[in-house]
Amino acid sequence: MAYKAVLFDMDGTLLDTLDDLWGAVNATMRRFGYPERTRDEVRQFVGNGVTRLLELALPGGASDPRFDEAIAAYRAYYASHSEEKTGPYPGVSSLVARLTEEGIACAVVSNKPDVTTKLLARKFFPEIAVAAGENEAAGIRRKPAPDMVFAAVRELGVSLSDCVYVGDSEVDLYTGRAAGMDVVSVLWGFRDRDLLEREGAERFAGTPEELYRLVVSPKVG
């Protein structure tokens, strides 16, 4: 039996958001007088929420006396510049449309702020039924905690055993494991296959077509 639902990570999985994230990081660095970060550095930093991103990007990390101010500045800048260079990876829009047309529900669970996650999902993937982002103020912990996954699955009205989690990073692997779900790691995102394999990834998709075949094939186990 194929899966009934797919839960997607957003950054590095559905959307190539790296250049806008990089721009927001360096706008923050400039504002506070710090050296800018390279694109590849930011690629390695993203995936675990804004707080962790700025902890890695700022020279003093979380001990910086202006850390909270920097997070607020980053959030404000990114909220106004999150769509300038962002767009779906090639073939991903067609994949999402194909899955939903075939009755396989799709959802997004992201460590991006909840408002931004919903905005980008509506703009680029109107077929997606559920989109949830970081909302710790409401008691929903960010990934790799499984809270967002559980909330999305409840909203979809399916069981965890009928879902597969799809992401591009080690954080996604940890999230899927914490939720007790099958996981597929995509290879077009922000992490390299070697790193994912070291973290225990076993199922990979190099293209959206490969991902489609894994979703509609019989479930693992």
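Please refer to the structure placed before this passage.
First, a word on what this report is: a plain description of the structure on this page. (Residues numbered from 1 in each chain as written. Predicted model: local features only at pLDDT ≥ 70, side-chain atom pairs only at ≥ 80, totals over all residues. Heavy atoms only, no water.)

Side note on the pattern of salt bridges
The condition is simple: One side-chain nitrogen of Lys or Arg within 4 Å of one carboxyl oxygen of Asp or Glu is enough to make a salt bridge. Every helix listed is a DSSP run of H or I at least four residues long, and every strand listed is a run of E at least two residues long, numbered separately from the N terminus. Only protein chains enter the area calculation, which uses a 1.4 Å probe; residues under 20% of their type maximum are buried, those over 50% are exposed, and those in between are partly exposed.
Across all of its chains, the model carries 19 salt bridges by this definition. One salt bridge in this structure joins Lys4 and Asp162, with 3.7 Å as the shortest N-O distance. Residue Lys4 is found in the segment before strand E1 (5–8), and its partner Asp162 is found in the loop between helix H7 (147–156) and strand E6 (163–167); the two are separated by 158 residues along the sequence. Judged by relative accessible area, Lys4 falls into the partly exposed class, the value being 42%. Residues Lys112 and Asp11 are paired through a salt bridge, measuring 3.2 Å at the closest nitrogen-oxygen approach. Placement of the pair is Lys112 in strand E4 (residues 105–113) and Asp11 in the loop between E1 and strand E2 (15–16), with a sequence separation of 101 residues.

Details of H7
What counts here: Whether two residues are in contact is decided by their heavy atoms, any of which lying within 4.5 Å being enough.
For H7, the full list of buried residues reads Asp147, Met148, Val149, Ala152, Val153 and Leu156. Where H7 is buried, its residues touch E1, E4, strand E5 (130–134), E6 and helix H8 (170–179). Directly after H7, the chain includes Gly157, whose backbone phi takes a positive value near 75°.

Some remarks on the state of the cysteines
Which entries qualify depends on this criterion: When the sulfur atoms of two cysteines come within 2.5 Å, that pair is taken as a disulfide.
Following the criterion strictly, the structure yields zero disulfides and no others. The thiol sulfur of Cys106 is not disulfide-bonded, and the nearest other cysteine sulfur, from Cys163, lies at 11 Å.

Some details on the packing of helix H1 (residues 18–31) against helix H4 (residues 67–81)
For clarity, the cut-off: Each axis is a line fitted through C-alpha atoms, and for a helix only the stretch in contact is used; angles between axes span 0 to 180 degrees, taken between their N-to-C directions. Working definition: roughly parallel below 35 degrees, roughly antiparallel above 145 degrees, roughly perpendicular at 65 to 115 degrees, and oblique for all remaining angles. In a left-handed crossing the near helix is turned counterclockwise from the far helix by less than a right angle, and in a right-handed crossing that turn is clockwise. Only Asp, Glu, Lys and Arg are considered charged, only Ala, Val, Leu, Ile, Met, Phe, Trp, Tyr, Cys and Pro nonpolar, and every remaining residue, Gly among them, polar.
In contact at an axis separation of 9 Å, H1 and H4 are set at 140° when each is read in the N-to-C sense. It follows from the interaxial angle that H1 and H4 lie oblique. Seen from above, H1 lies across H4 with right-handed handedness. Between H1, through Asp20, Leu21, Gly23, Ala24, Val25, Ala27, Thr28 and Arg31, and H4, the contact on the second element is made entirely by Ala70, Ala73, Tyr74, Tyr77, Tyr78 and His81. Its residues assigned to classes, the contact of H1 with H4 comprises nine nonpolar, three polar and two charged.

Brief notes about the packing of aromatic side chains
Defined as follows: Two rings belonging to Phe, Tyr or Trp (six-membered ring only in the last case) form a pair when the distance between their centres is within 6.5 Å. Interplanar angles under 30 degrees mark stacking, angles over 60 mark edge-to-face geometry, and anything in between is tilted. Whether a charge sits over a ring depends on NZ of Lys or CZ of Arg being within 6 Å of the ring centre and within 35 degrees of the ring normal.
A complete count under the given rule lists one aromatic pair for this structure. Both rings, one in Tyr74 and one in Tyr78, keep their centres 6.0 Å apart while their planes meet at 10°; by these two values the pair is stacked. Pair noted here: Tyr74 and Tyr78 are both in helix H4, with a separation of four residues, about one helical turn. Residue classification places Tyr74 among the buried positions, given a relative accessible area of 2%. We classify Tyr78 as buried; its relative accessible area is 4%. Arg98 extends its terminal NZ or CZ atom over the ring of Tyr212, reaching a point 3.6 Å from the ring centre. A cation over a ring is seen here: Arg193 above Phe204, with NZ or CZ 4.0 Å from the ring centre.

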